[in-house]
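Tertiary structure, described
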Amino acid sequence: MSDSASLLLSKTLRSSTLKLAFIYVIGFSSAISCVLGYVYWSTATYLSEKLDRSITAECALLIETYGNAGRNGLIALINQRSADKHFYEWGYLLTDGSLIYVAGNLKSWPATLQGDQGWGKFAPLNWQSEVTERPLLRATYQVLPDGYHLLLGRKVDDLERFGEKIMIGLASVAGLFLVLAGAAGISTSRRSVARIEAINATSREIIGTGLRERIPVRGTGDEWDGLAGNLNSMLDRIEELVEANRQVSDNVAHDLRTPLTRMRGRLESAHNRRLDISQYHTLIGDVISELDEILRTFSSLLRISQIEMRDRTAGFHKIDLSEIARQVVELFDPATKKNAIRLRLCAADRVGVVGDRDLLFDAISNLVDNAIKHGGSKGGVTVAVSQSAGGPLLSVVDGGRGIPVDERKHVLRRFYRLERSRNSPGNGLGLSLVAAVAKLHGARIEMADNSPGLRIELHFPLPGIHNIAASVIGGTRASDS
């Protein structure tokens, strides 16, 4: 036996599953033994009582004959019964007061039967019947009024053999049950321990090497495969979160390095040469602007984290989504007119949603800001609010380059930007904030081509059935994006 097999057997014998299985085996065995024992006892009692009733009835007939026909009539009936083949299981004996044989198929009075009357069992020494073996008789006896002794018995060998077979059967069934149940318990425990050891081994590999390993699934579709599938899904999610965290760290470092490098260069330049007061003011203003940009980045991160922690759901109430969209359009209208960008609003009179006004205002503002930056100059930006069959719908449409289909599942990540060089203004947190607000409000995010441009839609649940759920992009969870 290999070391792994020996280790598996050792763990199986120590497993709580095996101990629990043996407890159940003992419990079920005890219950079955009690049931079979009751069946045996009730059956044996019934047969014994039936036998005693037949002996009592036959004895009553003999006494009645003795009362009607006297001793000679009784002797004649006993001889008739002894010669009758139908009564070969019966034993008859009539003796005088000195226990001297008078009639019957029994030759002598049993020494175990003492007293004037009673019941007992005995094996006769001489059995006057066609059956030659010595049977075991169940008998009743009594002294007649004239001093003669009457004994009447019937064979109980069949009843005794029945009892023995029942006991052998009970023992065999109990032994077989214990063997099969024990084998089943060991097999089940071994299988459970093997699957648990597979999970433990994978866990140890993950601890030692990383999150790439996955728990093997055997394809049986049982609860162990279900557990393995859930754990693998959890590992996939953890790996995604770790990778997202790594990317966020890299992007934060990259985005902070540029302004910090610029600040250091300016400060170093000021340190190495003398500047007049106006130049110092300019330098300080530039450094403050860079620091404000850094502080805005961290503020955005903190805001997204607070939203994802759902700290603000207690303050939700019914608000008008059309009115919020109108206020956002009014906010951006002066800037768009200055840059000759067409910004339109198509909104119903009132579209109610349950949520936080400030958060929704920020989310819509980010969507409009992105649309203006990336596509407003080519076809304008349209903000639409309507009430669909599935619930309130807000869409922001532009005429720019759009977002490639394979990138749409990534753009909601923090600091993710389509521009790999990351030289353009921005920190890549705008759509992340939108995703966090949408998730908090139970809204679904969908992205589609506008040909040209991009259409971003927020599908809100109906008021009254608001459910805080994960935002999705085209049927995919936002958390997976």
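Bear in mind that the values here come from a model prediction, so they are computed numbers and not experimental data.

1. A word on helix α3 (residues 157-209)
Every α-helix carries 3.6 residues per turn, so stepping three or four residues along brings you back to the same face. Counted at 1.5 Å a residue, the expected span for α3 with its 53 residues is 78 Å, and the 76 Å between its end C-alpha atoms agrees. Positive phi shows up at glycine 210, right after α3, with a value of about 125°.

2. Structural notes on the nonpolar core
Formed by 43 residues in total, the largest nonpolar core has its most connected members in Val368 and Leu394. Of all the secondary structure elements, the ones that give two or more residues to this core are α6 (321-338), α7 (357-379), β9 (381-388), β10 (391-398), α8 (430-440), β11 (444-449) and β12 (454-459). For this core, the leading source of residues is α7, giving nine residues. Setting aside chain neighbours within four positions, we find valine 368 in contact with Val328, Phe332, Leu343, Val383 and Val396. Counting residues in hydrophobic clusters, the runner-up holds 19 residues, among them Ile55, Cys59, Leu62 and Leu152.

3. A few points about the pattern of salt bridges
Opposite charge on two side chains allows them to pair when their charged atoms are near. Across all of its chains, the model carries 14 salt bridges by this definition. A salt bridge links arginine 138 to aspartate 52, with the shortest nitrogen-to-oxygen separation between them at 3.0 Å. With a gap of 86 residues between them, arginine 138 in strand β4 (residues 137-143) and aspartate 52 in helix α2 (residues 16-83) connect regions that are remote in the sequence. Across the salt bridge formed by arginine 326 and glutamate 323, the nearest N and O atoms sit 3.1 Å from each other. One end of the pair is arginine 326 and the other is glutamate 323, both in helix α6 and three residues apart, which spans about a single turn.

4. A short note on the packing of aromatic side chains
A full pass over the atoms with the stated rule returns four aromatic pairs. Seen in terms of ring centroids, tyrosine 38 and tryptophan 41 are 6.1 Å apart; in terms of plane orientation they differ by 35°. Their pairing is tilted. Taken together, the residues span about one helical turn, with tyrosine 38 and tryptophan 41 both in helix α2 at a distance of three residues. For tyrosine 38, a relative accessible area of 53% gives the class exposed. Each ring, one from tryptophan 90 and one from tyrosine 92, has its centre 6.5 Å from the other, and the planes form 25°; the classification is stacked. Tyrosine 92 gets classed as buried once you look at its relative accessible area, which sits at 0%. Over the face of the ring belonging to tyrosine 101 we find lysine 107, whose NZ or CZ atom lies 5.5 Å from the ring centre.

Parameters at a glance
- Numbering of residues starts from 1 in every chain and runs along the sequence as written.
- Two thresholds apply to this predicted model, a pLDDT of at least 70 for residue-level local features and 80 or more for giving and counting side-chain atom pairs, whereas whole-chain, interface and lining totals are computed over all residues.
- Side-chain measures were taken over the full set of non-hydrogen atoms in the model, leaving aside hydrogen atoms and water.
- Counting from the N terminus, the helices are DSSP H or I runs at least four residues long and the strands are E runs at least two residues long.
- Given the number of residues in a helix, its expected span is that number minus one, multiplied by 1.5 Å.
- We call a set of buried residues a nonpolar core when its members are Ala, Val, Leu, Ile, Met, Phe, Trp, Tyr or Cys and they connect through side-chain atoms within 4.5 Å of each other.
- Exposure categories follow from relative accessible area, calculated using a 1.4 Å probe and restricted to protein chains: below 20% of the type maximum is buried, above 50% is exposed, and the middle band is partly exposed.
- Pairs of residues are marked as contacts when any of their non-hydrogen atoms sit within 4.5 Å.
- One speaks of a salt bridge when a side-chain nitrogen belonging to Lys or Arg is within 4 Å of a carboxyl oxygen belonging to Asp or Glu.
- Side-chain rings of Phe, Tyr and Trp (the six-membered ring for Trp) are treated as a pair once their centres are within 6.5 Å; stacked means planes under 30 degrees apart, edge-to-face means over 60, and tilted covers the remaining angles.
- Throughout this description, the term charge over a ring refers to an Arg CZ or Lys NZ atom that lies within 6 Å of the ring centre and within 35 degrees of the ring normal.

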